[in-house]
Amino acid sequence: MAGSSVPQQDTATETVATVLLDGSQTLVPVEAGVTILEAARRSGLNPPFACEEGNCGTCMARLVDGRVEMRVNDALTDEDVADGYILTCQSDPLTPTLTVEYE
């Protein structure tokens, strides 16, 4: 195969998310292609969610540390995003560690 390969950028292959929920702090492994919400649920946590399609905002949390990319955002305003809020059902980690806080 000729040519140069382009390494994937801005996607963490596995992330460790610190999830702050109901007064507890839990370290949650997030595999590539898995949203923060899905990873938290797989780890036995019960974060708030409803539609899982980026439409309702029920899964909203504040991104305290790290970076994510939201697949869809039909619920948060530009101001919400500027204030650090994300939809965890649509958020793919871009950094090896991150912290989210459900309020």
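The chain goes by 2Fe-2S iron-sulfur cluster binding domain-containing protein in an unreviewed UniProt entry, where it is assigned to Nocardia bovistercoris. The Sequence similarities (unreviewed entry) field of the UniProt record for the chain holds the comment "Belongs to the 2Fe2S plant-type ferredoxin family." In its Cofactor (unreviewed entry) section, the UniProt entry covering the chain states "[2Fe-2S] cluster".

Caption draft 1: Broad picture of unusual backbone geometry. You will see that Asp 22, though not glycine, has its phi angle at about 55°, which is positive. Its location among the elements puts Asp 22 in the loop between strand E1 (14–21) and strand E2 (24–31). Taking relative accessible area as the criterion, Asp 22 reaches 70% and is therefore assigned exposed. A positive phi angle, close to 55°, is found at Glu 52, a residue other than glycine.

Caption draft 2: Highlighting the sheet that holds E1. Here we have five strands laid out as an open sheet, ordered E2-E1-E7-E3-E5, and mixed in their pairing. Only two strands of the sheet have a single neighbouring strand rather than two, namely E2 and strand E5 (85–87). Each strand of the sheet is rotated relative to its neighbour by a mean of 35°, with strand direction disregarded. In the sheet, strand E3 (residues 60–65) pairs with E5 via three bridges, with the strands oriented antiparallel. Each residue of the ladder has a partner; that of Ala 61, found in E5, is Ile 86.

Definitions and limits used
- Residues numbered from 1 in each chain as written.
- Predicted model: local features only at pLDDT ≥ 70, side-chain atom pairs only at ≥ 80, totals over all residues.
- Heavy atoms only, no water.
- UniProt positions renumbered as here; feature names shortened; annotations may be inferred.
- Helix = DSSP H or I, 4+ residues; strand = E, 2+ residues; numbered from the N terminus.
- Buried < 20%, exposed > 50% of the residue type's maximum accessible area, 1.4 Å probe, protein only.
- Pairing = 2+ DSSP bridges.
- Axes fitted to C-alpha atoms, helices over the stretch in contact; angles between N-to-C directions.

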